[in-house]
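# Breakdown of the fold
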Amino acid sequence: NAGVTQTPKFRILKIGQSMTLQCAQDMNHNYMYWYRQDPGMGLKLIYYSVGAGITDKGEVPNGYNVSRSTTEDFPLRLELAAPSQTSVYFCASSYDQGLGQPQHFGDGTRLSIL
Amino acid sequence: AQTVTQSQPEMSVQEAETVTLSCTYDTSESDYYLFWYKQPPSRQMILVIRQEAYKQQNATENRFSVNFQKAAKSFSLKISDSQLGDAAMYFCASSGNTPLVFGKGTRLSVIA
């Protein structure tokens, strides 16, 4: 059971570099989410998607971009990496949202920007 | 907008004892759901228990149960017969028609 798969698990970037965090789910979930978790904090929503071709901003979208061309994939793009984006990034998916369906999480990507 | 507050940054419990983690929330939605997630050192986010706000009966899952006080907007987690494997960060979260909103978490230590 793959569930939600995130790659890479760890990455170090230099300031100003760009990269894409990959996220894929094999549960045919409509909803997908990107969160960041800073040390000692809870998860904050960056972007989410309610289906292919539809994305929306969360609480902390600045500095990030997303796309959702397929149901399975929801990549997160950092264009100009900044030290403030050092964090652990979690991707999640759920079948629905308003019905209280639990979110399934990936194992996270630890990103350090130096 | 929804907010979730966990006022206990750290808690500890003796093995086999009972511990209660506190959570308060605020929401303008009439239909919503509350969750407790566990995050062990492996960093995985694991769903512990879920409560539907329109149900008055408190949810239970084996050693885990909640005390849901809707009027007080309180949603505490009780862990009975604590085990060493329960040591983790615990996050309270709320969702309705909007995505999950998380509290800052409570770090639970279990003392052998």
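Here we summarise the structure given alongside this text. Keep in mind that what you see is a predicted model, and the values were worked out from it rather than measured. (Residues numbered from 1 in each chain as written. Chains lettered and ligands numbered in written order. Predicted model: local features only at pLDDT ≥ 70, side-chain atom pairs only at ≥ 80, totals over all residues. Heavy atoms only, no water.)

### Concerning the nonpolar core
This is how it is decided: Side-chain atoms within 4.5 Å are what join buried Ala, Val, Leu, Ile, Met, Phe, Trp, Tyr and Cys residues into a set we call a nonpolar core. Throughout this description, buried means an accessible area under 20% of the type-specific maximum (1.4 Å probe, protein chains only), exposed means over 50%, and partly exposed covers the range between. Think of it this way: any DSSP run of H or I at least four residues long counts as a helix, any run of E at least two long counts as a strand, and we number them from the N terminus.
Ranked by internal contacts, the top residues of the largest apolar core, which has 24 residues, are Trp36(B), Phe75(B), Leu77(B) and Tyr90(B). Counting only elements with at least two residues in this core, the list comes to β3 (19-21), β5 (33-39), β6 (46-52), β8 (64-69), β9 (74-79), β10 (88-95) and β12 (106-111) of chain B.

### Quick notes on the environment of Ser94(A)
Residue and element names in this part refer to chain A. Rule in force here: In what follows, residue pairs with any heavy atoms lying within 4.5 Å of each other are defined as contacts. Any pair of N or O atoms that falls within 3.5 Å is considered a polar contact. Within protein, one atom must be able to donate a hydrogen and the other to accept it, and sequence-neighbouring residues count only if both atoms are side-chain atoms.
Tracing the backbone shows Ser94 in strand β9 (residues 87-94). Ser94 gets classed as buried once you look at its relative accessible area, which sits at 0%. For Ser94 and Met27, which are 67 residues apart along the polypeptide, the C-alpha to C-alpha distance reads 8.6 Å. With sequence-adjacent residues up to four places away left out, Ser94 is seen in contact with His29, Asn30, Tyr31, Tyr33, Gln101, Pro102 and Gln103. For Ser94, the side chain forms a polar contact with the main-chain oxygen of Asp96, separated by 2.8 Å.

### A few points about the state of the cysteines
The following threshold applies: Cysteine sulfur atoms that come within 2.5 Å of each other are treated as a disulfide pair.
The full count for this structure, using the stated rule, is two disulfides over all chains. Cys23(A) shares a disulfide with Cys91(A); S-S distance 1.8 Å. Residues Cys23(A) and Cys91(A) are joined through a disulfide that is left-handed, its torsion about the S-S bond being -75 degrees. Of this pair, Cys23(A) sits in strand β3 (residues 19-25) while Cys91(A) sits in strand β9, and the two are 68 residues apart along the sequence. The two residues Cys23(A) and Cys91(A) agree in class, both being buried. With a sulfur-sulfur separation of 2.0 Å, Cys23(B) is cross-linked through a disulfide to Cys92(B). Across the S-S bond linking Cys23(B) and Cys92(B), the dihedral sits near -70 degrees, which makes this disulfide left-handed. One end of the pair, Cys23(B), is in the loop between β3 and β4 (24-26); the other, Cys92(B), is in strand β10, and 69 residues separate them in sequence. The same class applies to Cys23(B) and to Cys92(B), which are both buried.

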